[in-house]
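# Observations on the model geometry
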Amino acid sequence: MVGTGAAPELIVRLDGEEQRIAMRRGEAPGSTLPRTTNGHGRAHIARLEAIGSPGVYQVEIAGQTSPVYRIELAGSAVPVSFDLTYEYPEYTGRSSEVQSVPRADLVALRGTKVLVGVNLDRRVGEVSWSLGSDLVQQGPRRWVGETVIEGSGEYEVVIRDGEVPQRMTFRYEEIPDRAPVLTVLEPLGDMDLPVGQRVPLSVTATDDFGLTNLDLVYQLDDGESSRKGLIRWPDEPREATSGKEWDLTPLGLLPGQQVTFYLEVRDNDRVSGPNATRSGRFVIRFPTLSEIYEEIEEQHEDVASKLEDVVEEARELNEQVEETRREMEQPTRGQQKGATWEQRQAAKELAERQEAIAEKMNEVAEQFQQMTEQAAEREAFREEILAKMEVISKLMS
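Report on the accompanying structure. Note that the structure is predicted; figures quoted are calculated from it, not measured.

Let us now look at the pairing of strand β17 (residues 166–175). Summarising the sheet, strand β11 (residues 106–109) and β17 pair through four bridges and their orientation is parallel. Residue pairing across strands places A108 opposite E174, the latter belonging to β17. As paired strands, strand β16 (residues 153–160) and β17 are joined by seven bridges and run antiparallel to one another. Within β17, the position partnered with E156 by the bridge is T169. Count of turn residues in the β16/β17 antiparallel hairpin: five residues, of which G162 carries a positive phi of about 140°.

Take a look at the structure:
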């Protein structure tokens, strides 16, 4: 009895004249044993090939054959290794991966096809498992099969080579396709309906395998939700930053109404279905007419206050400039003609203040211009609202 894979030496000692010696294993043709005198006298030695199954052999000398000797394997059949080939779902863009491992525990993304090769230490009658397709013999000591990863659990590999089958338990584990990550860049929070009724939307999104689309889901007051497609990514990138402007004009909002909305991004999972990630909820409120006028009045008061401050600051600066000029024209007793260093420094500071005041004046002028334009837009908007309310009133009467 020998161990699996062993290569024992066969030594044949002879007395008398030299003879040709042949060895036969089973039905295979005989092979001549080389002669050696290394420690064995008149002996012929052969090393049997790696033994992977039980068998028989005999020795032939000058037409005479020895008795038939049996070769038995020690122990039970066991796997030497497992060859695992992972073929990932096409949408992932990942190429196949091959592993040679001591255990057949399977870990992969859902929908991954796994080709499993079982390499044994000897020939056996049958190998089966409780997971995928039937294991098929592919060589003297190799059995292969395939399965698709769906869920997680345990499975058995059963080796039958005698009365008592050998059973081994392994695990298979499904790795989920993670949902995408969504970050909203705009808007930063709840807001009043802007003039023009256009709201900028900007997001950045990432996914482990690919993004497909970005949708807007909105609800007017307590009404039914509606979905609006914003962006489609046909090339299914793993990372994207995109912006879009949402025109709320078609919603026909009236003062006091509000729209609640969120953004939703989806990935390209074609096995379990797209994974979706939603942003937080945002509220866009249409101010009432009184609130609109209050806002305009506040803006007007703010601009007027800033203008008064700038004018006062400019007046004080002019007085200081005039005083500095007089001091430079009328030097004090003992002072040489011309401006001193202190006077030149003061003049430089006054010039810098003049530039700062001029910049403030420009800012106030720009704010006043924006306020005037917004007031005109609000007035046009008010007339449109009043027209809508008049139509509604007529319908209700």
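A few words now on the sheet that holds strand β14 (residues 136–137). Sheet architecture is open: five strands sit in the order β10-β9-β12-β15-β14, paired in antiparallel fashion. Looking at strand neighbours, the two that pair on one side only are β10 (97–101) and β14, the edges of this open sheet. Where strand β9 (residues 79–87) lies against β10, five bridges are found, and the strand directions are antiparallel. Each bridged residue has a counterpart across the sheet, and for Y86 the counterpart in β10 is E97.

Quick look at unusual backbone geometry now. Geometrically, the link from E186 to P187 is a cis peptide bond, its omega value of 0° lying close to zero. Summarising the element assignment, P187 is placed in the loop between β18 (181–186) and β19 (191–192). Not every positive phi belongs to a glycine, and D221 is a case in point at roughly 50°. Note that D221 resides in the loop between β21 (211–220) and β22 (225–232).

Reading the values: rules and limits
- Residues numbered from 1 in each chain as written.
- Predicted model: local features only at pLDDT ≥ 70, side-chain atom pairs only at ≥ 80, totals over all residues.
- Heavy atoms only, no water.
- Pairing = 2+ DSSP bridges.
- Helix = DSSP H or I, 4+ residues; strand = E, 2+ residues; numbered from the N terminus.

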